[in-house]
Each structure stands twice: as C-alpha cells, then as structure tokens.
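Listed here are the chains, written in short residue letters.
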Amino acid sequence: FSDIENFTGITEQTKPEELVSRLYDYFSIFAHSISENKGTIDKYIGDSIMAFWGAPTEMDVKTHAHLACKAALSCQMQGFNLSNVWAREGKPRFRTRFGIHTGEVVVGNMGSDERINYTVLGDNVNLASRLEGINKYYGTEIIVSATTHDLVKEDFEFRVLDKITVKGKTQAILIYELLAEKNKLDMKLLKSYKMYETGLKYYFIGDWDNCLKYMSAVIKSLDDSAAK
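J.: Help me get a handle on the overall build of the protein, residues and values and all.
T.: In terms of helices and strands, the protein carries seven helices and nine strands. The C-alpha radius of gyration of the protein comes to 19 Å, within 12% of the 17 Å expected for a compact globule of 228 residues. By principal-axis analysis of the C-alpha atoms, the protein measures approximately 60 × 45 × 35 Å. For the protein, the proportion of its 228 residues judged to be buried stands at 44%. A separation threshold of at least 6 residues defines the contact pool for the protein, and within that pool the share at least 24 residues apart is 59%. Accessible surface, the protein: about 12800 Å² in total, of which carbon and sulfur atoms supply 51%. Charge centroids of the protein, computed over 28 positive and 31 negative side chains, lie 5 Å from each other.

Okay, here's the thing in structure tokens:
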C-alpha cells in the first residue's frame, strides 16, 4: 500500500485541474516501477495505490517479497526526484508512505453481477494497509512486517523500528523500516540506525537511562522522528 502524506492539505492549495495532472505524472511513475518489478496494481484509492505480487503470475514467496521491497524503493526514489522538480516550480511536494507485508490471501475476480474486480482479500491485506498508516507516527516512509523482513534481510538494509499491536490484533509484532538495498546506505546513517536499535533494546527491557543515552545520540547525528 502507498499513500501521499497530507494529501488533503495539498488539495486545498492546488487547483483541481493541476492536481489531476500531477497525480497522473505521479501514478505513471509508480505504475511503471511496480509493473517493472512484476507487481499487479489492484486499484487506485484516491491518492493511494494498492498492489500485490504472486498473482496472476506465480513466483516463490521470497522472490515476490524481494520485488515488492525493490518496487517501493524505486517508487520512493523516483517520487523524490519528481517532487524536487515540483518544488523548483513552487509546487507542494508529494511525500509517499508505504506498507509491505507478506502472507496468504484470497485472490480472484470478486464483486457483483454488475461489476467485478480482480483483487485480493484477507487479514494479511489489512495488515499491509495498517503498516502504511503507521508511518505517520514514526516519520518514516517504508514500513515492512517481520515476515517480509525475515525473507529478504540479506538483500536490503533495515532497522528494527518498534514492537506494536495493530488495530484488530492482540499479539504484538516487530516492524522494520526499509532503508536501502544492501550495501547502498551511507555508513554514517547506518551507524546512527544501529545506535537506534541498541537504544530500542534498552527500551524493550525498561532500561530508560541507557535508552535515553542512545536515542539522544541518534538525535544529535540525525533528525530522526522515531528516536524522538
């Protein structure tokens, strides 16, 4: 799932015709990245995109988890470049948030006798949507579940973000921020994210002094909303 941060605020300061034109450019870039990485676009929901992997073309689970993460990073980079062009023209930027989860779903043609859509349903679809929305609390852009992380952790750079209980669930789950492809993250940033993970370990066991020490060190080197 993807969604544009503060899209309502952007619509209030943009003429409808211009907004439609900008969304067209934005969706075109994202659609190309998703299809290039063998994803299936399920639907556009306002400013959001819902996409899935593994159907109609079957592939093994690790492959589609890898391709979903790769597509999100590609969309993130190209969206950033497009926003830079708009910013130079005095237009508001689009900042996109993503949620990725891997799990079994029901897939097929669904609907009524008047209209059907090829789509996916199930608890795992809902979790991916929740992960996208949770970005707003951490100031992050791409959150993935532990399930996805465990499948592709050798291919990408992540940081453990938190342990949360999402709406409708009773069991806490670990969530991760997807940062970059493996070995493509600045070493200074990587060091700061490792400090965050150390601080988080102290947070989980209630050692507030050490937690504060490490999170403060992160904030000194990086303007990080999650550490704050």
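J.: If you had to explain the packing of helix α6 (residues 187-204) against helix α7 (residues 208-221) to someone new, which residues and values would you point to?
T.: Relative to each other, α6 and α7 sit at 160 degrees, their axes nearing to 8 Å. Put simply, α6 runs roughly antiparallel to α7. Judged by the sense of rotation from one axis to the other, the crossing of α6 with α7 is left-handed. Contacts between α6 and α7 involve Ser-192, Met-195, Tyr-196, Thr-198, Gly-199, Leu-200, Tyr-202 and Tyr-203 from the former and Trp-208, Asn-210, Cys-211, Tyr-214, Met-215, Ala-217, Val-218 and Ser-221 from the latter. Here the contact of α6 with α7 is composed, by residue class, of eleven nonpolar, five polar and no charged.

J.: Lay out unusual backbone geometry with the relevant residues and their values.
T.: Looking along the chain, the bond that leaves Ala-55 and enters Pro-56 is cis, with omega of 0 degrees. Tracing the chain through its elements places Pro-56 in the loop between β3 (48-52) and α3 (61-88). At Lys-38, a residue that is not glycine, the phi angle is positive and equals roughly 60 degrees. Along the chain, Lys-38 falls in the loop between α2 (16-36) and β2 (40-45).

J.: Can you break down the side chain of Thr-140 residue by residue, with the values?
T.: Mapped onto the secondary structure, Thr-140 falls in the loop between α4 (123-138) and β7 (142-145). Relative accessible area serves as the criterion here: at 2%, Thr-140 is assigned to the buried category. A polar contact of 2.7 Å, which involves the side chain of Thr-140, links it to the side chain of Asn-135. Discounting chain neighbours no more than four positions away, the residues touching Thr-140 are Arg-95, Arg-97, Asn-135, Arg-159, Leu-161 and Glu-177.

Rules used in this analysis
- Residues numbered from 1 in each chain as written.
- Predicted model: local features only at pLDDT ≥ 70, side-chain atom pairs only at ≥ 80, totals over all residues.
- Heavy atoms only, no water.
- Helix = DSSP H or I, 4+ residues; strand = E, 2+ residues; numbered from the N terminus.
- Rg over C-alpha atoms; globule rule 2.2 N^0.38 Å.
- Buried < 20%, exposed > 50% of the residue type's maximum accessible area, 1.4 Å probe, protein only.
- Contact = heavy atoms within 4.5 Å.
- Areas by Shrake-Rupley, 256 points an atom, 1.4 Å probe, with all protein chains shown as cover.
- Lys, Arg positive; Asp, Glu negative; His and termini not counted.
- Charge placed at Lys NZ, Arg CZ, Asp CG, Glu CD.
- Axes fitted to C-alpha atoms, helices over the stretch in contact; angles between N-to-C directions.
- Parallel < 35°, antiparallel > 145°, perpendicular 65-115°, else oblique.
- Left-handed = near helix turned anticlockwise from the far one by under 90°.
- Nonpolar A, V, L, I, M, F, W, Y, C, P; charged D, E, K, R; others polar.
- Polar contact = N/O pair within 3.5 Å; in protein donor to acceptor, adjacent residues only side chain to side chain.

Shape is all these values report; function is a separate question.
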